[in-house]
Amino acid sequence: MAFNGAWQMYSQENHEEFFKVMSMPDTLIRIMRDVKPVTEIQQNGDDFVVTVKTPLRSTTNTFTLGRESIMKTLDGRKLKCTVNLENGKLVCTTEKFTHVREIQGEEMVEVSGFALPVQ
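No experiment lies behind these values; they were computed from the predicted model shown.

### Here we look at the sheet that holds strand E7 (residues 89–93)
In sheet architecture, strand pairing relies on hydrogen bonds along the backbone and comes in two forms, parallel and antiparallel. With antiparallel pairing, 5 strands are arranged side by side in an open sheet as E5-E6-E7-E8-E9. The two strands at the open ends of the sheet, each matched to only one other strand, are strand E5 (68–72) and strand E9 (107–113). Adjacent strand axes in the sheet meet at a mean angle of 30 degrees, parallel and antiparallel pairs treated alike. Taken together, the 7 bridges between strand E8 (residues 98–104) and E9 define a ladder with antiparallel strand orientation. Within E9, the position partnered with Val100 by the bridge is Val111.

### Things to note about the packing of aromatic side chains
Enumeration over the complete set of coordinates arrives at 2 aromatic pairs. Centre to centre, the rings of Phe3 and Phe48 are 6.3 Å apart; their planes meet at 65 degrees, and the pair counts as edge-to-face. Taken together, the residues Phe3 in the segment before strand E1 (5–8) and Phe48 in strand E3 (residues 47–53) connect sequence positions 45 residues apart. Note on Phe3: relative accessible area 1%, which makes it buried.

### Concerning the sheet that holds E1
Overall, antiparallel pairing links the 4 strands, which are arranged E1-E2-E3-E4 in an open sheet. Edge positions in the sheet fall to E1 and strand E4 (58–64), since each has one partner strand and no second. Strand-to-strand twist of the sheet, defined as the mean angle between neighbouring strand axes without regard to direction, takes the value 15 degrees. Looking at chain direction, E3 and E4 are connected through 7 bridges and run antiparallel. Among the inter-strand pairings, Phe48 is bridged to a residue of E4, identified as Phe63.

### Some remarks on the nonpolar core
General note: in soluble globular proteins, nonpolar side chains tend to be found buried as a group. In this structure, Phe3, Ile41, Phe48, Phe63, Leu65, Val83 and Leu90 are the most contacted members of the largest nonpolar core, which totals 14 residues. Of all elements in the fold, only E3, strand E6 (78–86) and E7 reach the threshold of two or more residues within this core. Once you skip the residues sitting within four places of it in the chain, Leu65 turns out to touch Asp46, Phe48, Val83, Asn84, Leu85 and Leu90. Residues Phe19, Met22, Leu79 and Phe97 belong to the second largest nonpolar core, which totals 12 residues.

### Notes on the environment of Met22
Tracing the chain through its elements places Met22 in the loop between helix H1 (15–21) and helix H2 (26–34). Sequence separation between Met22 and Phe97 is 75 residues, and the spatial gap between their C-alpha atoms is 8.8 Å.

### Let's talk about unusual backbone geometry
Within the chain, Asn87 stands out as a residue other than glycine whose phi angle is a positive 55 degrees. Structurally, the position occupied by Asn87 is in the loop between E6 and E7. What makes Asn87 exposed here is its relative accessible area of 61%.

Thresholds, definitions, all that
Residues numbered from 1 in each chain as written. Predicted model: local features only at pLDDT ≥ 70, side-chain atom pairs only at ≥ 80, totals over all residues. Heavy atoms only, no water. Pairing = 2+ DSSP bridges. Helix = DSSP H or I, 4+ residues; strand = E, 2+ residues; numbered from the N terminus. Axes fitted to C-alpha atoms, helices over the stretch in contact; angles between N-to-C directions. Phe/Tyr/Trp six-rings, centres within 6.5 Å; stacked < 30°, edge-to-face > 60°. Buried < 20%, exposed > 50% of the residue type's maximum accessible area, 1.4 Å probe, protein only. Core = buried A, V, L, I, M, F, W, Y, C linked by side-chain atoms within 4.5 Å. Contact = heavy atoms within 4.5 Å.

Following this line, the structure appears as structure tokens:
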């Protein structure tokens, strides 16, 4: 499964609650409520570069599948994360949450949560 491409977010559910649990500042949560980021992914084998762009800032993270990496959040915090490819999905696992990216047709679906099962 190739993940190369760019995707514009057009809808989100429960992100505000998720951001609160992640201790993001209230100001950033209010701003992110109305922002529709663009996610760009460049893949070269097991190596990835993921850039999330918003009008306020962009954040770029690089990782290799199966190896622990340091990921930077939009508010500048750093998290340890291991990304694996599971059933055609990119699954990022940290101590606090799981983030899943999946290509469905022409869209990328992202789901973040706590102890998410991968189907």
